[in-house]
Amino acid sequence: MEIERKYLIKEMPENLGQYESKKIEQGYLCTDPVVRIRRSNDKYYMTYKGEGLMAREEYNLPLTKEAYAHMKPKIDGRLIEKTRYLIPLEGELTAELDIFAGDLMPLAIVEVEFPTIDAANAFTPPAWFGDDVTESGRYHNSYLSRAAADTLPPTNTV
């Protein structure tokens, strides 16, 4: 079970280079149900995600580089490219700050995963987080992958 909340960014954290980061590209073979392929640095996965906004089933299967390359031309919509920064938070949580590239710039979204729904509901975001967009499916990557440029959701106030 994946339990996460999503936020826009009010203020970019300082010194992003000090944090671990990953170069990610991902595409969607299907968006209902969600079936995604992802390259994260030099690791490759296929993911199935169930229905839901804050909490939903998620299954990750490892792929080889060759299998990923074989499936990549089969994706629907845009290939999403982003840099993910892993920023430690209090309570052993991690903020996953995604800064999008290509035609999704200047969008940046931060996600925080939680062990329980109660923990997610009790979370108080740091001051640099902006609007909570957890309940808006328009900020799911599966939506962003197929949205026309003129229908993309509003970006940050940064």
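Description of the structure in this document. Computed from a prediction, not measured in an experiment: that's the story for all the values here.

A word on the side chain of Arg-5. Relative to the helices and strands, Arg-5 resides in strand S1 (residues 2-9). Here Arg-5 falls in the buried class, since its relative accessible area comes to 13%. Side-chain polar atoms of Arg-5 contact the backbone oxygen of Ala-120, separated by 2.7 Å. Polar side-chain contacts of Arg-5 include one of 2.5 Å to the side chain of Asp-132. For Arg-5, the residues in contact, after removing those within four places along its chain, are Met-54, Val-110, Glu-111, Val-112, Phe-114, Ala-120, Asn-121, Phe-123, Asp-132 and Thr-134.

Here a ring pair, both rings aromatic, is described through the centre-centre distance and the interplanar angle of the planes. All told, the structure shown has seven aromatic pairs when counted by the stated rule. Each ring, one from Phe-114 and one from Phe-123, has its centre 5.2 Å from the other, and the planes form 65°; the classification is edge-to-face. Like Phe-123, Phe-114 is buried. Aromatic rings pair up to connect Tyr-7, Phe-114, Phe-123, Trp-128 and Phe-129 into one cluster.

What follows deals with the nonpolar core. Residues Leu-97, Val-110, Phe-123, Trp-128 and Phe-129 are the most contacted members of the largest nonpolar core, which totals 19 residues. Those elements that provide at least two residues to this core are S1, strand S7 (76-89), strand S8 (93-100) and strand S9 (108-113). If we ignore the near neighbours within four places in the chain, the residues touching Phe-123 are Arg-5, Tyr-7, Leu-89, Leu-93, Val-112, Phe-114 and Phe-129. Residues Leu-8, Leu-104, Ile-109 and Tyr-143 belong to the second largest nonpolar core, which totals 13 residues.

Reading the values: rules and limits
- Residues numbered from 1 in each chain as written.
- Predicted model: local features only at pLDDT ≥ 70, side-chain atom pairs only at ≥ 80, totals over all residues.
- Heavy atoms only, no water.
- Helix = DSSP H or I, 4+ residues; strand = E, 2+ residues; numbered from the N terminus.
- Buried < 20%, exposed > 50% of the residue type's maximum accessible area, 1.4 Å probe, protein only.
- Polar contact = N/O pair within 3.5 Å; in protein donor to acceptor, adjacent residues only side chain to side chain.
- Contact = heavy atoms within 4.5 Å.
- Phe/Tyr/Trp six-rings, centres within 6.5 Å; stacked < 30°, edge-to-face > 60°.
- Core = buried A, V, L, I, M, F, W, Y, C linked by side-chain atoms within 4.5 Å.

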